[in-house]
Amino acid sequence: NLSMEELLACFSSEDGVADEITYVRDGVETTVSVLRAEVHVNRVTSTVYNNTIGYIYITEFNGSVADDFWSAATELQEQGIQNLIIDLRNNPGGSLSAVLDVADHLIPEGETIVTIKSKSGSEDVYTSEGDEQLDMNIVVLVNGDSASASELLTGALKDYGLATIVGTQTYGKGIVQSYFRISENGGWAKMTTDAYYTPNDVCIQGVGITPDIVVELPEELQGTTIELLDPAEDTQLQAAIA
């Protein structure tokens, strides 16, 4: 029942000093040593195929994903690569601000990325604020587990004809939930309040985005983690490369 401030006060504030923590689980005491450190969660990986095609895999839109994406894309450009595959398969989404920051590097400045319409009738239009976009031939890989922010980015790129979409129908998560405090008992209520609309004024909720080129993975590979797929057997990746 400690507050966050009380909990943090139990730990050393000095860098490089480990703390011993004893905890009880199922009646058994265990002591561990914990050293505080900054942890960078890597949500972006990149590689090159056939010496000419850059590949960037984004696992989710959170944290430093926008900076990591741009660093990977810049490195590929410096290698002279003009073709790029952005893999959003199994990407469940993430924060709106993070995906907008990525979109700034893909959507021309001033163009609408997404419109959020509320049940009350109000609208929030988010436009690209990026003054430096990628000048590459782009393919976006998606599947049934590409959702929410992934669909937001995919929808904008498809509407503007800035990328060819390859894979299978996306998840269809185009709504926004908001939390409301219940003062009487200190609880919270979560209700759907808004919906995402692509630049062409399409809401993908319950529908998803249909790829320009529909390609299924072999049945025996469906459900396999993207990082574990053999590129030679990954029919969706091979279609994107082609």
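The preceding data block contains the structure.
Q: Honestly, the pairing of strand β1 (residues 18-25) in this entry has me stumped. Any pointers?
A: Remark: a regular strand shows side chains that alternate across the two faces of the sheet. Bridging between β1 and strand β2 (residues 28-35) involves eight bridges; their strand directions are antiparallel. Residue pairing for β2: Y23 is matched across the bridge by T30. Between β1 and β2, which follow one another and run antiparallel, lie two residues, and D26 among them has a positive phi close to 55°.

Q: I tried to follow the packing of helix α2 (residues 65-78) against helix α3 (residues 96-103) on my own but got confused; where do I start?
A: Geometry of a packed helix pair, given as the angle between the helix axes and the separation of the axes. Where α2 contacts α3, the two axes come as close as 8 Å, and the packing angle between them is 20°. Classed by the angle they form, the pair α2 and α3 counts as roughly parallel. In the crossing of α2 with α3, the sense of the turn from one axis to the other is right-handed. Contacts between α2 and α3 pair V65, A66 and F69 from the former with A98, D101 and V102 from the latter. The residue makeup of the contact of α2 with α3, split by class, is five nonpolar, no polar and one charged.

Q: Would you explain the pairing of strand β4 (residues 53-58) in this entry?
A: Most of β4 sits inside the fold, with six of its six residues counted as buried. Residue alternation in β4 divides its side chains into two sets, I53, Y55 and Y57 and G54, I56 and I58, and both sets are buried. Two elements, strand β3 (residues 44-49) and β4, share six bridges in a ladder whose sense is antiparallel. What sits directly across from V44, in β4, is I58. In this antiparallel pair of consecutive strands, β3 and β4, the connection spans three residues, and N50 shows a positive phi of 55°. Bridging between β4 and strand β5 (residues 83-87) involves five bridges; their strand directions are parallel. Residue pairing in the sheet places I53 in a bridge with N83 of β5. Crossover connection from β4 via α2 to parallel β5: handedness right-handed.

Each value, and the rule that gives it
Residues numbered from 1 in each chain as written. Predicted model: local features only at pLDDT ≥ 70, side-chain atom pairs only at ≥ 80, totals over all residues. Heavy atoms only, no water. Pairing = 2+ DSSP bridges. Helix = DSSP H or I, 4+ residues; strand = E, 2+ residues; numbered from the N terminus. Axes fitted to C-alpha atoms, helices over the stretch in contact; angles between N-to-C directions. Parallel < 35°, antiparallel > 145°, perpendicular 65-115°, else oblique. Left-handed = near helix turned anticlockwise from the far one by under 90°. Contact = heavy atoms within 4.5 Å. Nonpolar A, V, L, I, M, F, W, Y, C, P; charged D, E, K, R; others polar. Buried < 20%, exposed > 50% of the residue type's maximum accessible area, 1.4 Å probe, protein only. Right-handed = clockwise from strand over helix to strand, strands pointing away.

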